[in-house]
Amino acid sequence: MKRLLLIWALFLCSLTAAFAQFSGSGSGTKDDPYLIFYAEQLSQVRNFLNKEGVYFKLMLDIDLSDWISENAPKEGWQPIGTGSSPFLGVFDGNNHVISGLIINRPSSDNVGLFGMTGQWDGGETTAIIRNVKIEGSIKAKSSAGGFSGYANSTLFENCSSSMSIVSKGCSGGIVGTSNNCSFNSCTFNGANISGTEYVGGIVGKEYDGSDNISLCSVNSTITGTNYVGGLVGGGEANSLSVNYIKKCKVNADIVGNNHIGGVIGDTKNIKIDSCFCSINIIATGDYVGGLIGSFNQGLESHIRYCSVTGHISAVNYTGGLIGFSSRDDNYNSLECYVENSFSICNISSSGDYVGGLVGYDYGGYARYLTCKDSYHSGTIQGRDYVGGIFGFKREGKIKNVVKTGNTIGRKFVGGIIGKGDGGSWGIGIISCFEANHKIVALEDNVGRIYGSLTHGNHGDSHENIVGQNGTKDGNIALSTSIVSRAGVTLDISDDEQNGFSMGESGMKLRANYVSKGWDFNNDWTIQETETYPYKP
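Keep in mind that this is a model prediction, so the values were computed, not measured. (Residues numbered from 1 in each chain as written. Predicted model: local features only at pLDDT ≥ 70, side-chain atom pairs only at ≥ 80, totals over all residues. Heavy atoms only, no water.)

*Asks:* What is the right way to look at the overall build of the chain in this model?
*Replies:* When helices and strands are counted, the chain shows four helices and 46 strands. Overall, the C-alpha framework of the chain stretches about 105 × 45 × 45 Å when taken along its three principal axes. In the chain, buried positions account for 58% of the 536 residues. The contacts in the chain between residues at least 6 apart in sequence include a share of 80% that link residues at least 24 apart. Put simply, the chain shows about 20,300 Å² of open surface, and 48% of that area lies on carbon and sulfur atoms. Looking at the chain, you have 40 positive and 50 negative side-chain charges, and the mean spots of the two groups are 2 Å apart. (Helix = DSSP H or I, 4+ residues; strand = E, 2+ residues; numbered from the N terminus. Buried < 20%, exposed > 50% of the residue type's maximum accessible area, 1.4 Å probe, protein only. Contact = heavy atoms within 4.5 Å. Areas by Shrake-Rupley, 256 points an atom, 1.4 Å probe, with all protein chains shown as cover. Lys, Arg positive; Asp, Glu negative; His and termini not counted. Charge placed at Lys NZ, Arg CZ, Asp CG, Glu CD.)

*Asks:* Help me understand the packing of aromatic side chains, please; the structure alone is not making it clear to me.
*Replies:* In this description, a pair of aromatic rings is defined by centroid distance and the angle of the planes. Enumeration according to the criterion identifies 30 aromatic pairs in this entry. When the centroid spacing of 4.7 Å and the interplanar angle of 40° are considered together, the rings of Phe22 and Tyr34 count as tilted. One end of the pair, Phe22, is in the loop between α1 (2-21) and β1 (34-36); the other, Tyr34, is in strand β1, with 12 residues separating them in the sequence. Neither Phe22 nor Tyr34 differs from the other in exposure class; each is buried. With a centroid separation of 5.3 Å and 55° between ring planes, the pair formed by Trp67 and Trp77 is classed as tilted. (Phe/Tyr/Trp six-rings, centres within 6.5 Å; stacked < 30°, edge-to-face > 60°.)

*Asks:* Quick question: what am I supposed to make of the environment of Ser325 here?
*Replies:* By secondary structure assignment, the location of Ser325 is in strand β29 (residues 322-327). Here Ser325 falls in the buried class, since its relative accessible area comes to 0%. Sequence-distant contacts of Ser325, defined by excluding residues within four places in its chain, comprise Phe295, Gln297, Tyr360, Asp361, Tyr362 and Leu369. Within polar-contact distance, the side chain of Ser325 engages the side chain of Asp361 at 3.2 Å. (Polar contact = N/O pair within 3.5 Å; in protein donor to acceptor, adjacent residues only side chain to side chain.)

*Asks:* Explain the pattern of salt bridges here, please?
*Replies:* Oppositely charged side chains may form a pair once their charged atoms are brought near each other. Throughout the structure, instances matching the rule amount to 12 salt bridges. Close ionic contact of Arg410 with Asp384 constitutes a salt bridge, the shortest N to O distance being 2.7 Å. Placement of Arg410 in strand β37 (residues 396-414) and of Asp384 in strand β35 (residues 384-387) is noted, with a sequence separation of 26 residues between them. A single network of salt bridges, built from pairs that share partners, joins Arg394, Glu395 and Asp421. (Salt bridge = Lys/Arg side-chain N within 4 Å of Asp/Glu carboxyl O.)

*Asks:* In this structure, what is going on with a nonpolar patch on the surface? I would like to understand it.
*Replies:* Taken together, Phe37, Tyr38 and Leu60 make up a surface patch of nonpolar side chains, about 290 Å² in accessible area. Within the secondary structure, Leu60 sits in the loop between β2 (55-58) and β3 (62-63). (Patch = residues over 30% accessible without salt bridge, like charges linked within 9 Å, V, L, I, M, F, W, Y side chains within 5 Å.)

*Asks:* Even after reading the chapter, I still don't get the side chain of Ser153, so can you show me in this structure?
*Replies:* Checked against the element boundaries, Ser153 lands in the loop between β7 (148-152) and β8 (154-172). Relative accessible area serves as the criterion here: at 1%, Ser153 is assigned to the buried category. Of the polar contacts made by the side chain of Ser153, one reaches the side chain of Asn180; its length is 3.3 Å. Discounting chain neighbours no more than four positions away, the residues touching Ser153 are Gln119, Trp120, Asp121, Glu124, Thr125, Thr126, Ala127, Asn179, Asn180 and Cys181.

*Asks:* Teacher, can you tell me more about the pairing of strand β40 (residues 433-447) here?
*Replies:* The two faces of a sheet get side chains in turn, since along a regular strand they alternate between them. By the bridge criterion, 11 bridges tie β37 to β40 in an arrangement that is parallel. Directly across from Lys411, in β40, lies its bridge partner Asp444. (Pairing = 2+ DSSP bridges.)

What follows is the structure, encoded as structure tokens:
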């Protein structure tokens, strides 16, 4: 009997302790979560830090304005979770709104509704936040995000932020700094976000581990100095980590200095699928792209079925999709791809290495970037190394691409490539169509296909492969393209540098592309006699 009484007493004590930590109903389990009806109960979530598997569910919209005015009028909401005591539970917003979330902590790191969520656990999810919208503002020192300042191995699902966020570093609409997290169907909408380095509409900085971002959208103005992106500011992924971004949309004005991208400012290994960017990028520095500002190729990476529309303004290393791309000398990187993607935008640069799709690409030792079944339309203007598809390219292949618009520079100007370097393994330029209205070099080195090309030097088997006129691989150039050098319009003859001439009516016929291996069942469409090929 005494033993039973002791067990009963301990059970009552445990219940008392649980009730003392949370003033509402529920037991914190998956089937019986703690139910949150008002602001004080939301604050009580912090009583369960460092405890795994505790469940919470929001039952009503909550306006935090009165609670903050009474409890923390100066600094605002105290973020839930710290580095030593993170939130490790499951928070379900039940499609409700938390408004009046004001945080004024300009000297603090790890700031948001939650300060720190999750913990590194070999890639397993250790915290979940889902089905909630937040409104308000944040001022912080570093690692500031609407939902979490710093997140490890956390799933964010159906989270929507309309927070105005200002911090000195690592500012994100959803998370400030992220490590091995997943973001599904999250949005950052209508508010502005600004900082110095690492500023992004979803994540400010990806740290080390690989993140997955899918079905997310951003509609905002994003401002920073370096490492600024529509979805992610930048990352420090190690050589064995790959970030996946798919089916996301960005509609943003993006302002910064160096490493600026419509999707991500800077990255190492990345796969981007089916992302769409409508952007206006104004950069006062270098490494700027419609999708990726700068890209260091490590593991196999790709860009597929993506599009960019808008305007891009920068200095050096500027591209409609990628500003700067280079192999990773410290890792045996595999071949990377840009395929079935396009950029419809005007690109203005006051510097060098400017391309309709890629500004600068440096491959080598059989590790290089392949571009195929893609196009650019618009006016490109730069100084040196300006190309309709690539400004500068070392090694790799370009196949089945089309360029329309204008390409203008000082020297090394080409309708497809400004300057090509065969390096050790050669360049392939195969079945490409150039349909520029004007190709202009103010000084020298200009051509309808390329401005200048250095041949490969690793033996006959690795020489450049430039499609020959009259063959299936031959490159086609619009016969009415105006090519000028130093103010003089040139009389162009068909050759390797200038391709094979074709009139506008011929370039709007599907058969002329099919004969060169273009796939109109899967990769392309065309309005016969009316348009050049474009993406379905």
